Structures are given as C-alpha cells and as structure tokens.
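Below are the chains, spelled out letter by letter.
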Amino acid sequence: MSRVSSVCDVEDTPEDRYFLNNPKPESLDDLILKTSNFMNNCNKSENNDKIVLVTSGGTSVPLENNTVRFIDNFSAGTRGASSAEQFLFKGYKVIFLHREFSLQPFNRHFMRFTNVSFLDYFDSNGEIAPKYKKELVEMKRLSDLYKDQLLMLTFTSVNDYLWALRSIAILLNNRNCIFYLAAAVSDFYVPYDKLPEHKIQSRSEFQDESKKKHINESGKLVLDLDPVPKFLRDLVQTWANNSMIISFKLETDPNLLIVKAKQALENYNHQLVIGNLLDTRNREVVILSEKTADETWIRMTDEELKQTCIEELIVDNITQRHTEWINSSD
Ligand code: PAZ
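Residues numbered from 1 in each chain as written. Predicted model: local features only at pLDDT ≥ 70, side-chain atom pairs only at ≥ 80, totals over all residues. Heavy atoms only, no water.

1. Notes on the UniProt feature "domain: DNA/pantothenate metabolism flavoprotein C-terminal" (unreviewed entry) in the protein
In plain terms, the rule: UniProt positions are given in the numbering used here, feature names are shortened, and annotations may be inferred rather than shown by experiment. Each helix corresponds to a stretch of at least 4 residues labelled H or I by DSSP, and each strand to a stretch of at least 2 residues labelled E; elements are numbered beginning at the N terminus.
UniProt records the feature "domain: DNA/pantothenate metabolism flavoprotein C-terminal" (unreviewed entry) at residues 49-105 and 208-312, using the numbering of this structure. Spanning residues 49-105, this segment combines 21% helix with 33% strand, and its end C-alpha atoms are found 20 Å apart.

2. Looking at the site of the ligand
Definition in use: By convention in this text, a residue qualifies as near a molecule or strand provided that one of its non-hydrogen atoms is within 4 Å of it. Within 3.5 Å is the distance limit for a polar contact, defined as a pair of N or O atoms, with the added protein rule that one can donate a hydrogen and the other accept it, and that residues adjacent in sequence qualify only through two side-chain atoms. Only the protein chains shown count as cover for residues, and all accessible areas are computed by the Shrake-Rupley method using a 1.4 Å probe. In this classification, the charged set is Asp, Glu, Lys and Arg, the nonpolar set is Ala, Val, Leu, Ile, Met, Phe, Trp, Tyr, Cys and Pro, and all remaining amino acids, among them Gly, are polar.
In the vicinity of the ligand there are 15 residues, among which Ser75, Gly77, Arg79, Leu250 and Asn276 approach most closely. Arg281 places a side-chain nitrogen or oxygen 3.2 Å from an oxygen atom of the ligand. Protein burial of the ligand: of its 480 Å² of free accessible surface, 92% is covered by the chains. For the shell around the ligand, the secondary structure elements donating two or more residues are helix 3 (78-89) and strand 9 (244-251). At three residues, strand 9 tops the list of elements feeding residues into the shell around the ligand. Across the shell around the ligand, the residue classes tally to eight nonpolar, four polar and three charged.

3. Considerations on the environment of Ser82
Rule in force here: With a 1.4 Å probe rolled over the protein chains alone, any residue whose accessible area is under 20% of its type maximum counts as buried; one over 50% counts as exposed, and the rest are partly exposed. Throughout, a contact is declared for two residues whenever any of their heavy atoms are within 4.5 Å.
Tracing the sequence through the fold places Ser82 in helix 3. Given the relative accessible area of 0%, Ser82 is considered buried. Linking Ser82 and Leu103, residues 21 residues apart in sequence, is a C-alpha distance of 8.8 Å. What Ser82 contacts, discounting residues up to four positions off in sequence, is Arg108, Cys309 and Glu311.

4. Observations concerning helix 3
Formally: Any helix carries an expected span of 1.5 Å times its number of residues minus one.
Here helix 3 spans 17 Å end to end across twelve residues, near enough to the 16 Å set by a 1.5 Å rise per residue. With respect to burial, helix 3 is a largely interior element, ten of its twelve residues being buried. Gly91 sits one or two positions beyond helix 3 and adopts a positive phi of about 90 degrees.

5. Description of the packing of helix 3 against helix 9 (residues 310-328)
Put simply, the rule is: Each axis is a line fitted through C-alpha atoms, taken for helices only over the stretch in contact, and angles between the N-to-C directions span 0 to 180 degrees. Should an angle fall under 35 degrees it is called roughly parallel, over 145 degrees roughly antiparallel, and 65 to 115 degrees roughly perpendicular, with every other angle called oblique. Note: crossing handedness is left-handed where the near helix turns anticlockwise from the far helix by less than a right angle, and right-handed where it turns clockwise.
Their axes nearest at 9 Å, the elements helix 3 and helix 9 cross at an angle of 55 degrees. Judged by the inter-axis angle, helix 3 sits oblique to helix 9. Judged by the sense of rotation from one axis to the other, the crossing of helix 3 with helix 9 is right-handed. Here helix 3 contributes Thr78, Arg79, Ser82, Ser83, Gln86 and Phe87 to the contact with helix 9, which in turn contributes Ile310, Glu311, Glu312, Ile314, Val315, Ile318 and Thr319. By residue class, the composition of the contact of helix 3 with helix 9 is five nonpolar, five polar and three charged.

6. What about the packing of helix 5 (residues 158-172) against helix 6 (residues 231-239)?
Their axes nearest at 11 Å, the elements helix 5 and helix 6 cross at an angle of 15 degrees. As far as their axial angle goes, helix 6 and helix 5 are roughly parallel. Crossing geometry of helix 5 relative to helix 6 is assigned as right-handed. In this structure, helix 5 uses Leu162, Leu165, Arg166, Ala169 and Ile170 to contact helix 6, whose residues at the interface are Phe231, Leu235 and Trp239.

7. Some points on the side chain of Arg79
Checked against the element boundaries, Arg79 lands in helix 3. Residue Arg79 is classed as buried on the basis of its relative accessible area of 10%. Within polar-contact distance, the side chain of Arg79 engages the side chain of Glu311 at 2.8 Å. When near neighbours in sequence (up to four residues on either side) are disregarded, Arg79 contacts Tyr180, Ala182, Phe248, Asn276, Arg281, Val285, Ile310, Glu311 and Ile314.

8. Describing the domain arrangement of the protein
As a reminder, the rule being used: Segment limits for the domains were obtained from an automatic or database-derived domain assignment. The buried area of a pairing is the accessible area, by a 1.4 Å probe, that goes missing from both parts when the two are put together, added over both. By convention in these notes, a salt bridge is any Lys or Arg side-chain nitrogen within 4 Å of a carboxyl oxygen on Asp or Glu.
Once the domains are mapped, the protein shows domain 1 (8-105 + 146-190 + 226-328) and domain 2 (193-224). Once you take the C-alpha centre of each, domain 1 and domain 2 turn out to be 34 Å apart. Across the boundary between the two partners, domain 1 contributes ten residues, which contact nine residues of domain 2. Summed over both partners, the interface of domain 1 with domain 2 buries about 990 Å², with 55% contributed by carbon and sulfur atoms. Its largest share of buried area at the contact with domain 2, domain 1 owes to Leu63, Asn65 and Val190, together 43% of the area lost on that side. Inspection of the region where domain 1 meets domain 2 yields one salt bridge. For Asp226, the salt bridge goes to Lys194, with nearest N and O atoms at 3.3 Å. Where domain 1 packs against domain 2, one counts six residue pairs in polar contact (both at pLDDT 80 or more).

What follows is the structure in structure tokens.
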C-alpha cells in the first residue's frame, strides 16, 4: 500500500495550519544544523549507516507565553534512554530527541533515584564511593565509546517537539532509518493566538483583557484546549515516507490496549505499534505489525529483569524486523 502523497494533495488541514499558526522555536535552526552535521558524518562512512531517531520523555503544554504554569505528560524517559543504548549496541547511529532533564543513555543508571542522590556517589574525600565504582567506570566507558554515534537533542513543549520532529524527519527520510517514537506527546494544547503573554492572574482586575478570560466569575481557572493535530499521518505519508516508523501506545485500561494499538495501525498505516500499560510497561509490551497483523508479546519475569531490561528484547526484535523490511524492498 502506498504511503506517499504528492504535493498536489496538500490541503488546508489542521496539521498544515499548525505550523502556520504556532511559531518556530528559537532553538530550531541550531537543532537542524546539528542534525545535518551528524547526518553528513554518517554519510561519510561507506557502509550505509543505519540511523534511528528515538524520541523520549513527555512534552509539556504551556498555559502562558512567559511560562510559569504548564500541563505535563507522564514519562521518565526510561524507555527511550534504555532503547537508545540498545540501538547503539546493535551498531545504529542514534538521534536522541528527549525532554530536557529526562533520563539519558548511560547517565540514566545514576539519575533520579529516590534512595540515592548525586553526592552519595562520592565518599567524604570526593572519590567515587567503592559501591558505585564498577558501574560508573563501565557506563563512562560506554558513553565515551559511543559519543560520536549519539546525537543529543532536546525539547520541552509540544510545540518544540513537533517542529523538531518535522525538521529531523525531512532530513532523515530513507530506508535505513527508523523512527522510534517513545515520547509521550500531549493530545491537547493552547494554540499560540490564545496563549496569555504573562502569568495568568487569579484576581480579575489583573487579567489580560486582550485574551480570553481564564478565571470565571466563581474564581475558577477555566482551560480551553485544542486537540493537537494528528502528525503521525504527515510523518508516515510525507515527511518520512521512506523510513520505518514505530509508534508507542500507552494505556491504563488493559481492555483498550490492543483495540487502540490496532486503530493506530489502521489510521496511520505505518509499520509497527508497540503497546504498553502504565503499570507493567517495564516488564511487558506487545508489538503489532501492519504486515502480519499478529500480536507479539514480550514479557519478562522478575528473575529475568535482574539480568537485563525489556528494551534489550524490544530492540532486538525491532532491528531484525528493520533488516527484513530493508531486504524485502530491495
Ligand atoms: O519514559 P517511561 O519509561 O517512563 O515511559 C515510557 C512510555 C510509557 C511513555 C512509552 O513506552 C510510551 O508508551 N510512549 C507513548 C505514549 C503515548 O501513548 O503517547
């Protein structure tokens, strides 16, 4: 089934209008430059590098242009950071587009624990505490080893994310590339023309008269969010129509997981959806394929989880499918 839409098909869709009405982030040109340089380095080697874009972490939705308040999407960044490590081990070059301050490959082993803080890694002389030394040395070794194969890019808001995704996709659009979309992307946002410039004031006399009022007569904050347009369709049909695209589906209701994952495959017509439930995401995922219409469950026991992480099995499965997919189109 063809995923390509021609230039003549361009319509005035919510997706098209989004980029006209929501301004480009200031950091975008720098992100494009870094990605182009990374791609040029990849293309210098003669062995047709395989590249994966891993998106990771949650996007935020600012409620003010000078942002004090925002709505956030859940995601620590474990799936993305851990998968990025596994892709590097498999010889892929990795573009890691992640939420600023979320977990990062190799560093993730020492970040954001409730029972260990940064200073706990050192003894009173500032030396690495013996208990952590072996793992620190190993992760430092891996991080240095793969530093030229890994490009770190960041986003914060859903607007940063969408502009970045579109720009990277256009640069990356070829069969050797995988889009592995593990980021948790907001479904609703405040469009730029409705965004108050300054912090929303709780007292009505200080409210910005030029914009829609946010505090009603009873003193309640009233939010009016628009749906985020469905960019997966643009990614699959236009921006990256030569690449392999894998989206993730997070649910909390087990009865909805397969239904929603199948719906995503049918709606967007991409190669794979990986479904997971919030509570069990670290030990259980299901992979659904466009081609075979089968469900492949990957499940890990507590014992197995002591040896490795589920991303090792996911990435092993995905990279095999990628190789078959490239070969099938030769
Ligand atoms: O980052 P994390 O390991 O805490 O969680 C990963 C995840 C559940 C956000 C990811 O596997 C996922 O499902 N991402 C897509 C979320 C969505 O449906 O938009």
